[in-house]
Amino acid sequence: MRDAVIVEAVRTPIGKGKPGGALSGVHPVELLAHTLRTLVGRSGIDPALVDDVIGGCVDQVGEQAMNTTRHAWLAAGLPESVPAATVDRQCGSSQQAVHFAAQGVIAGAYDLVVACGIESMSRVPMWSNVPPGADPFSAAIAARYPGGLIPQGVSAELIAAKWSVPREAMDAFALESHAKAAHAHAAGWFEAELAPVATAAGTVTMDESVRPGGTPEALAGLRPAFVDPAMAERYPQIEWSVTAGNSSPINDGASAVLITSSETAARLGLRPLARLHSFAVTGSDPLLMLTGVLPATEKVLRRSGLSLADIDLFEVNEAFASVVLAWLQETGADPAKVNVNGGAIALGHPLGASGTRLMTTLVHAMRRRGARYALQTMCEAGGLANATVLEALD
């Protein structure tokens, strides 16, 4: 049976997703194009050998419309003969792109494929793809969930309430994320994965949202971000403790991984970073919404034949601190193995790019730390989650 391996993985630094952010002057097509060009260049492959390019993007409208992955490949100056597609599984879009790419390699449909992701939230704000007055859910959804679906921030509050996660624990987790990310930058641990971006204001080499030196007092002074009187009446258990400080920020960024089989890697002289061992995707309660990481973790471990104790490193997307802290409670995973270089609270969460950003960081961390197995999982809007197990080959 064929396998699927990652042979190269790169990402841009992550900019603040607002006007004036470090990457806000870069068109999203060109930001992803830079990442794809860097991926091809570092791997040394003939880009004409690529069978497909699968990219994740959440807000596919405006400058991210009309199959932005295809236009990014062309903008990079790469061969017109290579096709591309853009997928949306919300925050897990590019992790799903990895799954599609790897499954295609294992099935024999691809020999060499790129999985990637892009989101420029400064230029294409969240929910830009839902015009005012439009209903993306329909009357049938309203009938099934009579109280109506709820925002992710309220879901994060419900998780904090259900798992009794206090504000102090979320703030402490956020501070640790920033400290770990700042340390990784200072130690040069991100250098192998970063593709610095030249802009009119200079070359961007660092993740812009990382804030070292924060204090519990500063975070404690932030107001809850999602207070809503109607939601407070509907969910009286909420204590309103989710803030901008213990949540992921809004960001710009792109990332990409190159996937092939072991046989093709050997033929082309490519050195695998990790084997894509097992995959899972799950649905969960669309009101709690962000708890899909729990069944996804259980499902991917069951499929892999591994136990939690076999996993050396975890990447659990830090959309909100409450999500990761609830996941830690339920799984009993060792916190010292989780998001060892910081997570999205510090590094940022450019939606469609985050899946392959986490995977890029993870495969490089595996090599540096000598990890045998690693697991990545992401919560996704609508009550979804992806999970992937990676295995080192040497």
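See the structure above.
Residues numbered from 1 in each chain as written. Predicted model: local features only at pLDDT ≥ 70, side-chain atom pairs only at ≥ 80, totals over all residues. Heavy atoms only, no water.

Colleague: Quick question: what am I supposed to make of the overall build of the protein here?
Modeller: Along the protein, the regular secondary structure elements total 13 helices and twelve strands. Relative to the globule expectation of 21 Å for 394 residues, the C-alpha radius of gyration of the protein, 20 Å, shows essentially globular dimensions. Taken over the C-alpha atoms alone, the protein extends approximately 60 × 45 × 45 Å along its principal axes. Split into buried and exposed, the 394 residues of the protein put 58% on the buried side. Partitioning the contacts of the protein with sequence separation of at least 6, the portion at a separation of at least 24 is 82%. As displayed, the protein has an accessible area near 15,000 Å², and 56% of this comes from carbon and sulfur atoms. Looking at charge distribution, the protein has the averaged site of its 28 positive side-chain charges lying 2 Å from that of its 38 negative ones. (Helix = DSSP H or I, 4+ residues; strand = E, 2+ residues; numbered from the N terminus. Rg over C-alpha atoms; globule rule 2.2 N^0.38 Å. Buried < 20%, exposed > 50% of the residue type's maximum accessible area, 1.4 Å probe, protein only. Contact = heavy atoms within 4.5 Å. Areas by Shrake-Rupley, 256 points an atom, 1.4 Å probe, with all protein chains shown as cover. Lys, Arg positive; Asp, Glu negative; His and termini not counted. Charge placed at Lys NZ, Arg CZ, Asp CG, Glu CD.)

Colleague: Just to check I follow, could you spell out unusual backbone geometry for this structure?
Modeller: The general pattern is negative phi for most residues beyond glycine and trans for most peptide bonds. For Ser164, which is not glycine, the phi torsion reads 50 degrees and is therefore positive. Inspection of the secondary structure puts Ser164 in the loop between helix H5 (152–162) and helix H6 (167–187). The class of Ser164 is exposed, set by a relative accessible area of 59%. Positioned with a positive phi, Asn339 is a non-glycine residue whose angle comes to about 50 degrees. Its place among the elements puts Asn339 in the loop between helix H11 (321–331) and helix H12 (344–347). Under the relative-accessibility criterion, Asn339 is labelled buried at 0%.

Colleague: Just to check I follow, could you spell out the side chain of Thr377 for this structure?
Modeller: Structurally, Thr377 can be placed in strand E11 (residues 373–380). Given the relative accessible area of 0%, Thr377 is considered buried.

Colleague: Explanation requested: the pairing of strand E10 (residues 313–316) in the structure shown.
Modeller: Sheet faces and side chains relate simply in a regular strand, where the side chains alternate between the two faces. Burial along E10 is two-sided: Leu313 and Glu315 and Phe314 and Val316, pointing in opposite directions, are all buried. For E10 and E11, the ladder comprises four bridges, and the chain directions are parallel. Looking at the pairing, Glu315 lines up with Gln376 of E11. (Pairing = 2+ DSSP bridges.)

Colleague: Please clarify how the packing of aromatic side chains should be interpreted in this entry.
Modeller: The relation between two aromatic rings is expressed through the spacing of the ring centres and the mutual angle of the planes. Going through the model one piece at a time under the given rule, you end up with two aromatic pairs. Geometrically, the ring pair formed by Phe226 and Phe320 is edge-to-face, given 6.1 Å between the ring centres and 70 degrees between the ring planes. Of this pair, Phe226 sits in the loop between helix H7 (216–220) and helix H8 (229–234) while Phe320 is found in the loop between E10 and H11, placing the two residues 94 residues apart along the sequence. Plain terms: the ring middles of Phe314 and Trp327 are 5.3 Å apart, the flat faces sit at 70 degrees to each other, and that makes the pair edge-to-face. Of this pair, Phe314 sits in strand E10 while Trp327 sits in helix H11; the two residues are 13 residues apart in sequence, bridging distant segments of the chain. Comparing Phe314 with Trp327, the two get one shared label, buried. (Phe/Tyr/Trp six-rings, centres within 6.5 Å; stacked < 30°, edge-to-face > 60°.)

Colleague: Teacher, can you tell me more about a nonpolar patch on the surface here?
Modeller: Taken together, the side chains of Met126, Trp127, Phe137, Leu149 and Ile250 make up a nonpolar region of the molecular surface, amounting to roughly 490 Å² of accessible area. Among the structural elements, Ile250 can be located in the loop between H8 and strand E8 (251–260). When its relative accessible area of 45% is taken as the criterion, Ile250 is described as partly exposed. (Patch = residues over 30% accessible without salt bridge, like charges linked within 9 Å, V, L, I, M, F, W, Y side chains within 5 Å. Salt bridge = Lys/Arg side-chain N within 4 Å of Asp/Glu carboxyl O.)

Colleague: How do you make sense of the pattern of salt bridges when you look at a structure like this?
Modeller: Once their charged atoms are close, side chains differing in charge can pair, the charge on each being opposite to the other. Using the criterion set out here, one finds eight salt bridges in the structure. The closest approach of N and O atoms between Arg11 and Asp207, which form a salt bridge, is 2.8 Å. In this pair, Arg11 is assigned in strand E1 (residues 5–11) and Asp207 in the loop between strand E7 (202–204) and H7, connecting sequence segments 196 residues apart. Across the salt bridge formed by Glu63 and Arg123, the nearest N and O atoms sit 2.6 Å from each other. Taken as a pair, Glu63 in the loop between strand E3 (52–56) and helix H2 (68–75) and Arg123 in the loop between strand E5 (112–120) and helix H4 (139–144) lie far apart in primary sequence, 60 residues in all. Its relative accessible area of 30% is what places Arg123 among the partly exposed residues. Connected via shared salt-bridge partners are Arg11, Glu193 and Asp207.

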